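Next come the chains, spelled out residue by residue.
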Amino acid sequence: MKTLITFLFATSLIFNLQAQEEKPREMRILPLGDNPPFRQEVRDGARYELAPEPGTVPPPTLLVPAVGEGATGKIRLRLNTPSQTIKLPSGDEPGKLPLKHEDGKPWVEVPFTGQSKTLTLIWRGGRLWNEVRSLTLPDGDQAVPANACRFVNTTSAPIGLVWGSDKKRLKPGEVVVLEFPSKETPLEVLYPTRGGDLRPCLKTIVEQNDLIMQQFLIYRADGEDVRMPVKVYPFRENR
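Quick caveat: nothing in here was measured; it's all calculated off a predicted structure.

## Examining the pattern of salt bridges
- Within the structure shown, the criterion is met by seven salt bridges.
- Across the pair Lys117 and Glu26 runs a salt bridge whose closest N-O atoms are separated by 4.0 Å. Of this pair, Lys117 sits in strand β9 (residues 117-124) while Glu26 sits in strand β1 (residues 25-31), placing them 91 residues apart in sequence.
- Of the charged contacts, one joins Asp34 and Lys231 as a salt bridge, the two residues approaching to 3.6 Å between their closest N and O atoms. Separated by 197 residues along the polypeptide, Asp34 in the loop between β1 and β2 (40-43) and Lys231 in strand β18 (residues 230-238) bring together distant segments of the chain.
- The exposure class assigned to Asp34 is buried, which follows from its relative accessible area of 14%.
- Residues joined by salt bridges that share partners form a network here, namely Arg28, Asp139 and Glu237.

## Details of the pairing of β9
- Most of β9 sits out of view: seven of its eight residues are buried.
- Note that β1 and β9 share six bridges and pair parallel. In the sheet register, Leu30 faces β9, and the bridge partner there is Leu121.

## Things to note about the nonpolar core
- Grouped together as the largest cluster of nonpolar side chains are 20 residues, with contacts concentrated most on Phe151, Leu161, Trp163, Leu187, Val189 and Phe216.
- When residues of this core are traced back to their parent elements, those giving at least two are β11 (148-153), β12 (159-163), β14 (175-179), β15 (184-192), β16 (198-207), β17 (212-220) and β18.
- Discounting residues that sit within four places of it in the chain, Trp163 has contacts with Cys149, Phe151, Leu178, Glu179, Phe180, Pro181, Thr185, Pro186, Leu187 and Val206.
- Formed by 18 residues, the second largest nonpolar core is a distinct cluster that contains Ile29, Val64, Leu97 and Ile122.

## Some thoughts on unusual backbone geometry
- One non-glycine residue, Asn80, adopts positive backbone phi at about 60 degrees.
- Assignment of secondary structure puts Asn80 in the loop between β5 (74-76) and β6 (86-88).

## A short note on the sheet that holds β18
- Reading across from one edge, β14-β11-β17-β18 is the order of the four strands in this open sheet, with mixed pairing throughout. Every other strand in the sheet has two partners, leaving β14 and β18 as the edge strands with one partner each. On average, each strand axis in the sheet is tilted by 20 degrees relative to the strand beside it, whichever way the strands run.
- The sheet contact formed by β17 and β18 spans nine bridges and is antiparallel. Along β18, the bridge assignment pairs Gln214 with Arg236.

## Section: the side chain of Thr154
- Looking at the element boundaries, Thr154 is found in the loop between β11 and β12.
- Within the structure, Thr154 has its side chain in polar contact with the backbone oxygen of Ile218 (distance 2.7 Å).
- Other than its neighbours up to four places away in sequence, Thr154 contacts Leu32, Leu121, Trp123, Ile218 and Tyr219.

## Some thoughts on the environment of Glu207
- Summarising the element assignment, Glu207 is placed in strand β16.
- On a C-alpha basis, the gap between Glu207 and Ser182 in space is 8.5 Å, while along the polypeptide they are 25 residues apart.
- When sequence neighbours within four positions are dropped, the list of residues in contact with Glu207 reads Phe180, Lys183, Glu184 and Gln214.

## Topic: the layout of surface pockets
- The space that makes up the largest pocket amounts to roughly 600 Å³.
- Residue lining of the largest pocket: 22 residues in total, with Thr155, Ser156, Arg220, Pro229 and Val230 positioned closest to the centre.

Rules of the game
- Residues numbered from 1 in each chain as written.
- Predicted model: local features only at pLDDT ≥ 70, side-chain atom pairs only at ≥ 80, totals over all residues.
- Heavy atoms only, no water.
- Salt bridge = Lys/Arg side-chain N within 4 Å of Asp/Glu carboxyl O.
- Helix = DSSP H or I, 4+ residues; strand = E, 2+ residues; numbered from the N terminus.
- Buried < 20%, exposed > 50% of the residue type's maximum accessible area, 1.4 Å probe, protein only.
- Pairing = 2+ DSSP bridges.
- Core = buried A, V, L, I, M, F, W, Y, C linked by side-chain atoms within 4.5 Å.
- Contact = heavy atoms within 4.5 Å.
- Axes fitted to C-alpha atoms, helices over the stretch in contact; angles between N-to-C directions.
- Polar contact = N/O pair within 3.5 Å; in protein donor to acceptor, adjacent residues only side chain to side chain.
- 1 Å grid on protein atoms, 1.4 Å probe; cavity = no way out; pocket = protein on both sides within 12 Å on 5 of 7 lines; lining within 4 Å.
- Points joined across faces, edges and corners; volume = space filled by probe spheres on them.

What follows is the structure, encoded as structure tokens:
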């Protein structure tokens, strides 16, 4: 009997260690930015839309390392739209996922957290998408409570937030989760001008809805001489 108990304990310990080592993980990638101006040309009397110039948008289709049975080998990227879920190697350590063009050439490595679900924001660091910057966030329903919103500043300047009667200053790269002070909360997002003043880039009323996860992603507008240099993407998803 003692031998049997020892065997069962050892077997249970092995299974527990394997379960910890094989902890499944996944991530999504969300590119932030603006589409380039619409372009077209006339051929034989008909108008045809022209594809964006190379580098002005992220590559539409990318190859990812396949992990496990049924894992996808391709993902599609669209501005201000999360990618499909990507399976990651098991474990609890952060890492980087190499993304490649369809011809196999490397594009960029995007980071992921050690948590079970990661949302990685990416945006262009220069004039084109050959230089990419990123920020990792916990993903999934538990990442943002039902009674709160998440605000993310991906710009290189401090951003002002007016959330109800509360005023906050978000440093570059800062992420904050704020509870709703009421069912309908006024929100104002302000960016600094060259003269040092603060101007609003978003003024709205945010309604609390326990069935929707709400985030406001603040990013630098793409293009030159844009009227609004900072923009906000209201990212809402059903829980």
